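What follows is the residue order along each chain.
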Amino acid sequence: GDGNRDAGLRFYPLGRTVRLMETRLSEPGCFSLERPLNANQGIPVAVRGNCGGLQIPLTARAISGQITVFNQSRMNGSLVLYPDGQNRPATSNAFFNVNGQISNTFTVGLGATGSFRVESANLVNLYIDLTCYFAP
């Protein structure tokens, strides 16, 4: 075989959905910010390791799940997820209305440290539910 050939990534569904990230106060999550995400503040979210009793292996290269956004501002906005250590892309994962709530599915790659970044154009509360990961 060709040693340079990319075999792609395999899909690994989790046994159940796991609340990976939560910003709302007193709500459970593997990563709990316990405050709204500030506008234009991209924060890293670590994925690999134990989360909710499930193990995300060190070989995981991407994740997929659902993000729910609660707009705390009085303006329309957008949210983007991207691999940690990379530049913020020009495209967004979700758009939301004034005082609106939206849920959207996503797939995001992980940076070298096993993290991705989440960034919003507005002040928002959000949670991220993890449903699967991809590994070689």
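Residues numbered from 1 in each chain as written. Predicted model: local features only at pLDDT ≥ 70, side-chain atom pairs only at ≥ 80, totals over all residues. Heavy atoms only, no water.

A. Looking closely at the nonpolar core. Counting 30 residues, the largest nonpolar core has I63, F116 and V118 as the members making the most contacts within it. Looking at this core element by element, the count peaks at 6 residues for strand β11 (residues 124-135). (Core = buried A, V, L, I, M, F, W, Y, C linked by side-chain atoms within 4.5 Å. Buried < 20%, exposed > 50% of the residue type's maximum accessible area, 1.4 Å probe, protein only. Helix = DSSP H or I, 4+ residues; strand = E, 2+ residues; numbered from the N terminus.)

B. Up close: the packing of aromatic side chains. Overall, the coordinates contain 3 aromatic pairs when judged by the stated rule. Between F11 and F134, the aromatic rings sit 5.7 Å apart at their centres with planes inclined by 55 degrees, giving tilted as the arrangement. Here F11 is found in strand β1 (residues 10-22), whereas its partner F134 is found in strand β11, with 123 residues between them in sequence. Aromatic side chains F70 and Y127 sit 5.9 Å apart centroid to centroid with 45 degrees between the ring planes, which places their arrangement in the tilted category. Of the two residues, F70 is situated in strand β6 (residues 62-71) and Y127 in strand β11; the sequence distance between them amounts to 57 residues. Take F70: its relative accessible area is 17%, and that puts it in the buried class. Judged by its relative accessible area of 15%, Y127 is buried. (Phe/Tyr/Trp six-rings, centres within 6.5 Å; stacked < 30°, edge-to-face > 60°.)

C. Geometry of the sheet that holds strand β7 (residues 77-83). Strand order in the open sheet formed by 4 strands is β3-β10-β7-β8, with antiparallel pairing between adjacent strands. Only two strands of the sheet have a single partner each, and these edge strands are β3 (43-46) and β8 (94-96). Adjacent strand axes in the sheet meet at a mean angle of 25 degrees, parallel and antiparallel pairs treated alike. Taken together, the 5 bridges between β7 and strand β10 (residues 115-120) define a ladder with antiparallel strand orientation. Pairing of V80 across the sheet is with E119, part of β10. (Pairing = 2+ DSSP bridges. Axes fitted to C-alpha atoms, helices over the stretch in contact; angles between N-to-C directions.)

D. Region of interest: the pairing of β11. Burial of β11 is extensive: 11 of the 12 residues sit out of reach of the surface. With 10 bridges connecting them, β6 and β11 associate as antiparallel partners. The residue of β11 that forms the bridge with T68 is Y127.

E. Structural detail: the side chain of S120. The residue S120 is located in strand β10 in this model. Overall, S120 belongs to the buried group, its relative accessible area being 0%. At a separation of 2.8 Å, a polar atom in the side chain of S120 contacts the main-chain carbonyl oxygen of N122. If we skip the residues at most four places from it in the chain, S120 touches L37, N38, A39, N40, Q41, S78, L79 and F96. (Polar contact = N/O pair within 3.5 Å; in protein donor to acceptor, adjacent residues only side chain to side chain. Contact = heavy atoms within 4.5 Å.)

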